[in-house]
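Summary of structural features
One letter stands for each residue in the lines below.
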Protein chains: 2
Amino acid sequence: MRPGAHRPSVPLEHRHVIRRIPQARERGIPDATVARLPLYLRALNGLAERGTPTVSSEDLALAAGVNSAKLRKDLSHLGSYGTRGVGYDVQYLIYQISRELGLTQDWAVAIVGVGNLGRALANYGGFVSRGFRVAGLLDADPEVVGDRIAGLVVEHTDELESVITERGVSIVVIATPATAAQHVCDRVIAAGVTSILNFAPVVLAVPDGVDVRKVDLSIELQILAFHEQRKASGGPIMAEEWPDGVVM
Amino acid sequence: MRPGAHRPSVPLEHRHVIRRIPQARERGIPDATVARLPLYLRALNGLAERGTPTVSSEDLALAAGVNSAKLRKDLSHLGSYGTRGVGYDVQYLIYQISRELGLTQDWAVAIVGVGNLGRALANYGGFVSRGFRVAGLLDADPEVVGDRIAGLVVEHTDELESVITERGVSIVVIATPATAAQHVCDRVIAAGVTSILNFAPVVLAVPDGVDVRKVDLSIELQILAFHEQRKASGGPIMAEEWPDGVVM
DNA sequence: GTGCCTTTGTGAAGCCATGCACAAAGTGAG
DNA sequence: CTCACTTTGTGCATGGCTTCACAAAGGCAC
Ligand SMILES: NC(=O)c1ccc[n+]([C@@H]2O[C@H](COP(=O)([O-])OP(=O)(O)OC[C@H]3O[C@@H](n4cnc5c(N)ncnc54)[C@H](O)[C@@H]3O)[C@@H](O)[C@H]2O)c1
Ligand SMILES: NC(=O)c1ccc[n+]([C@@H]2O[C@H](COP(=O)([O-])OP(=O)(O)OC[C@H]3O[C@@H](n4cnc5c(N)ncnc54)[C@H](O)[C@@H]3O)[C@@H](O)[C@H]2O)c1
């Protein structure tokens, strides 16, 4: 996950070589930083709603749940948008981060697989709130096709390619059973999509240049279980036993 | 996220100091490794279903979508469970990883907030399939309380503490609106819960020793949008313009 | 037993991310 | 203008993670 797949040939040999301008603002924002920008954006929107005009890195870091040095370094990758002694202008920073993330434009999203999860996603308001527009709901089940959900009519997956091309869909959400996910994935890629959000518990095989992000509830729970067990068993030393019945 | 919060006082000064036994199997599995173990487990279960008795690190890595050296290093943190020249015994490895993750026991999970998302989660089969049992559904809305979902009756959040303590709930899933999440979080922690999976788009404040993992659809989409924009705008060099109307 | 083949387990190197600590830069009072 | 104060932007050190590459280990044939 989080593959280095993108950025295959982005030059990264500046920064320590010549340093042409004071800020290192010439592309190549670290993945870790990109993953935190939405967090900052959310915190900034909260501040903006309360009318706060400027915010220090310390306060914003607190609101976003990160270290303030990390926040400043992250923002420095976008450019020098703060004022020393004052902080960051909330509105201006919202604009800059939004622009960097590509949220100043509208993204058409299609959801494939309108079951329990797909319906929840379709009804989700937080989707639309930030430049993402659900432009299509698709399912293979004739029982489901024709249902009206959140103002959209579910279409048959036969229409997948035409929906994608005709409505300019650039991001596809896969919420089908695991068995169907790779097939759907292949089709949407063939139709030109290069950004996929996958909820099915499978590793999707995709060509270079296609970004897949996955959300896997089961994995999150298992990670929690690991730490929970660790806490319960009272410290780092554990019984070393395992059944001898299991043979290698 | 992924806080270093847990493991506050775990000694990690071995490994490069004395090396008491050939394998470094004395606790302290890296977070990055823990996060991949469920992936390996899933791949192994697929192999087991097809009756495959053993698997090489190369093949398993392929199925899990990782580098084979990384896979071997990850597994070496659990112990020396492979056979050189042969590979890993599928059943045995499933058992070892399950044990390490704490999946040999049953975990009682409560879901708080039974709206669109909460219902989807409650109906999700992949939940139960791996040692997780939904032991309670709770909501604050009297309209929702009493509904029967996936064999469970939704209870009122007034019952939150008693449900947690009486049914031995150790993991809580928060699927309430963002505004209610911190309040719910505080209550479940007061009731003794130390593992939380949060779907609400807020940074939860929790004391040390409590693990929070979050799933945020909106963040994933924004990350995809970032890369999508990068692809579309034809390479690392971009127009440097921004509206002069916006003043700092 | 001997020798060949396969595959693991891990040292070592390189890369990336984190966080400290501070100089530079800006504000505002007097 | 000067000075004290605040806060940014970043050099640097540290540590963790990834990947390569290979010696060690086991299986198997004869
Ligand atoms: N529900 C959850 O909370 C949850 C959580 C984590 C992961 N998931 C995963 O998300 C996926 C969907 O979960 P769900 O609970 O909504 O399942 P679901 O069975 O309720 O819905 C799946 C939908 O996909 C449709 N479908 C099947 N094949 C298709 C195809 N080839 N093309 C298009 N549509 C197709 C089905 O008709 C159905 O409507 C599953 O892979 C599941 O493992 C679900
Ligand atoms: N639906 C999605 O696809 C989706 C995706 C990502 C994130 N989220 C987030 O997940 C959360 C739930 O989303 P949803 O679509 O299910 O919303 P929803 O409004 O459908 O459901 C929220 C439920 O929480 C209940 N609730 C409110 N206050 C409560 C309280 N104090 N205690 C217990 N229950 C309470 C409500 O009665 C309601 O049933 C939201 O924070 C949302 O932002 C949802």
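Each chain has its residues counted from 1, running along the sequence as written. Throughout, the order in which chains and ligands are written sets their labels, letters from A for the former and numbers from 1 for the latter. For a predicted model such as this one, the threshold for reporting local features is a pLDDT of at least 70, and the threshold for listing and counting side-chain atom pairs is 80 or more; totals across whole chains, interfaces and linings nevertheless cover every residue. The side-chain quantities take in all heavy atoms of the structure and omit both hydrogens and water.

Re the site of ligand 1
To keep it simple, the criterion reads: The cutoff for a nearby residue is simple: one of its non-hydrogen atoms must lie within 4 Å of the molecule or strand. By the criterion applied in these results, polar contacts are pairs of N or O atoms within 3.5 Å in which, for protein atoms, one can donate a hydrogen and the other can accept it, and in which residues neighboring in sequence qualify only through two side-chain atoms. Here a helix means four or more residues in a row that DSSP labels H or I, a strand means two or more in a row labelled E, and each is numbered from the N terminus. Nonpolar residues are Ala, Val, Leu, Ile, Met, Phe, Trp, Tyr, Cys and Pro. Charged residues are Asp, Glu, Lys and Arg, and all others, Gly as well, are polar.
Residues in contact with ligand 1 amount to 23 residues; listed here are only the nearest, A:Asn116, A:Leu117, A:Asp139, A:Ala175 and A:Thr176. Residue neighbours of ligand 1 fall on chains A and B, so the site bridges chains. For ligand 1, a nitrogen atom lies 3.3 Å from a polar atom in the backbone of A:Ala140. Contributions of two or more residues to the shell around ligand 1 are made by α5 (116–123) and α8 (178–190) of chain A together with α5 (116–123) of chain B. A per-element tally of the shell around ligand 1 places α8(A) first, with three residues. Residues that form the shell around ligand 1 fall into these classes: 16 nonpolar, five polar and two charged.

Some thoughts on the sheet that holds strand β2 (residues 82–83) of chain A
All names here are of chain A. Just so we agree on the cut-off: If DSSP finds at least two bridges between two strands, the strands pair. Note on contacts: a residue pair qualifies if any of its non-hydrogen atoms lie within 4.5 Å across the two residues. The axes used here are C-alpha line fits, helices contributing only the stretch in contact, and every angle between their N-to-C directions lies in the interval 0 to 180 degrees.
Pairing within the open sheet is antiparallel, and its three strands lie in the order β1-β3-β2. Looking along the sheet, the strands with just one partner apiece sit at the ends: β1 (54–55) and β2. In this structure, β2 lies alongside strand β3 (residues 87–89), joined through two bridges in antiparallel fashion. Each residue of the ladder has a partner; that of Gly82, found in β3, is Tyr88. Taken strand by strand, helix α4 (residues 90–101) contacts β1 and β3, and its axis lies near 75° from that of β3.

A closer look at the environment of A:Leu47
Residues and elements named next belong to chain A. The criterion, for reference: Accessibility here uses a 1.4 Å probe with only protein chains present; expressed as a share of the type maximum, an area under 20% marks a residue as buried, one over 50% as exposed, and anything in between as partly exposed.
Along the chain, Leu47 falls in helix α1 (residues 31–49). The class for Leu47 is buried, based on a relative accessible area of 12%. For the pair Leu47 and Gly136, spaced 89 residues apart in sequence, the C-alpha to C-alpha distance is 33 Å. Once you skip the residues sitting within four places of it in the chain, Leu47 turns out to touch Thr52, Val55, Leu60 and Val90.

Concerning the relation of the copies chain B and chain A
This is how it is decided: All copies are superposed by least squares; the fitting set is the C-alpha atoms of residues with a pLDDT of at least 70 in both.
The transform that puts chain B on chain A rotates by 180° and translates by 0.0 Å along the axis, for an RMSD of 0.0 Å. One copy is carried onto the other by what is essentially a two-fold rotation axis. When you check the interface residues of chain B against chain A, 100% turn up at the interface there too, and the contact is symmetric in its surfaces.

Focus on the packing of aromatic side chains
Residues and elements named next belong to chain A. Just so we agree on the cut-off: Classification of ring pairs uses Phe, Tyr and Trp, with its six-membered ring standing for Trp, and accepts pairs whose centres are within 6.5 Å; under 30 degrees between planes counts as stacked, over 60 as edge-to-face, and the remaining range as tilted.
A complete count under the given rule lists two aromatic pairs over all chains for this structure. With a centroid separation of 5.5 Å and an interplanar angle of 85°, the aromatic rings of Tyr81 and Tyr92 are classed as edge-to-face. With a gap of eleven residues between them, Tyr81 in the loop between α3 (68–76) and β2 and Tyr92 in helix α4 connect regions that are remote in the sequence. A relative accessible area of 8% means that Tyr81 is categorised as buried. Judged by relative accessible area, which is 7%, Tyr92 ranks as buried.

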